[in-house]
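# Summary of the model geometry
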Amino acid sequence: MDAAASDRAVDGFLAHLRVEKGHSPHTIEGYARDLARWRDFLDEEPVGLDKAELMHVAGFLVELAREGLGARSQARALSALRGLHGWLVSERMAAADPTELVDRPKLARRLPKVLGVHDVKRLLEAPRGDKKNRVRDRAMLHTLYAAGLRVTELVHMDLNDLNLEAGFLSAFGKGRKRRIVPIGEVAQRHIERYLSEVRPKWAKPASRAVFLTSRAGPLTRQAFWKNVKKYAAEAGIEKAVYPHELRHSFATHLLLGGADLRVVQTLLGHTDIATTQIY
């Protein structure tokens, strides 16, 4: 397999992840970066993708370690290699997968950072007042915490994903997997106020996103991130606060309250119970 064929193979694999697997653009970008480094490494050997062997994979991981990449980054790169070479074999572009016998670098399980109940309460109450953006932000913060959403799930929420009469919403997580999550009366009340008082003044006929800016477009992840930091400062929370901490706090507070681990797993949309067990 020459350089041009290798390029086409990598492009085909990334398209497979995007179209058939439904991976997020962020995940695909990470895979693309890791596979570009892998291609550069093989070019120096030189060897084509279809001829790569176990020794090349081992040498690549050693090279990453020499460059100062930690176990987590090495594991991510190896995951990209496993995916690509498994796909090459399935598509009959290669006879063997050189990653089959490579052990995944051992990772230390990092405990998620969470906010205490008091800090969560202060953060949720921080967007005080009747200004339109604060009414929206109050609804967003309450929804994020009450439903344990990822920020991407929150900002991409469509009007059709809300069922306020029944008190739940549909969240589309990784791989576009859909789950139904209850939102609770307080969050529901803030959403209803935003939908009745603010959104109609900002929305255009074609607007479908729930949470909009004054220019009728959906609020971005980056903008919401900045808002969370602003309200954490207003609430007097001294530590750095990140949006994902509200999701971690949601899970931790449920478990502390006696919720079943399997229930929390379902609410968070975790495929593997081990992911939930870290809480």
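Computed from a predicted model, the values in this text were never measured in an experiment. (Residues numbered from 1 in each chain as written. Predicted model: local features only at pLDDT ≥ 70, side-chain atom pairs only at ≥ 80, totals over all residues. Heavy atoms only, no water.)

Take the pattern of salt bridges next. Inspection of the entire model under this criterion finds 15 salt bridges. Note that E63 and R66 form a salt bridge whose closest N and O atoms lie 4.0 Å from each other. Here the residue E63 and the residue R66 both occupy positions in helix α3 (residues 54–66), the gap between them amounting to three residues, near one helical turn. Ionic pairing is found between R179 and E153, a salt bridge with its closest N-O pair at 2.9 Å. On the criterion of sequence distance, the pair formed by R179 in strand β3 (residues 178–182) and E153 in helix α7 (residues 151–155) is long-range, its members being 26 residues apart. (Salt bridge = Lys/Arg side-chain N within 4 Å of Asp/Glu carboxyl O. Helix = DSSP H or I, 4+ residues; strand = E, 2+ residues; numbered from the N terminus.)

In this structure, L123, L149, L154, L169, Y194, F224 and L246 are the most contacted members of the largest nonpolar core, which totals 45 residues. Ranked by the residues each element gives to this core, the list is headed by helix α6 (residues 132–147), at seven residues. Contacts of L149, omitting those with residues within four sequence positions, involve T143, L144, L154, M157, L169, A171, R179 and R247. Counting residues in hydrophobic clusters, the runner-up holds 28 residues, among them L17, W38, F41 and A52. (Core = buried A, V, L, I, M, F, W, Y, C linked by side-chain atoms within 4.5 Å. Buried < 20%, exposed > 50% of the residue type's maximum accessible area, 1.4 Å probe, protein only. Contact = heavy atoms within 4.5 Å.)

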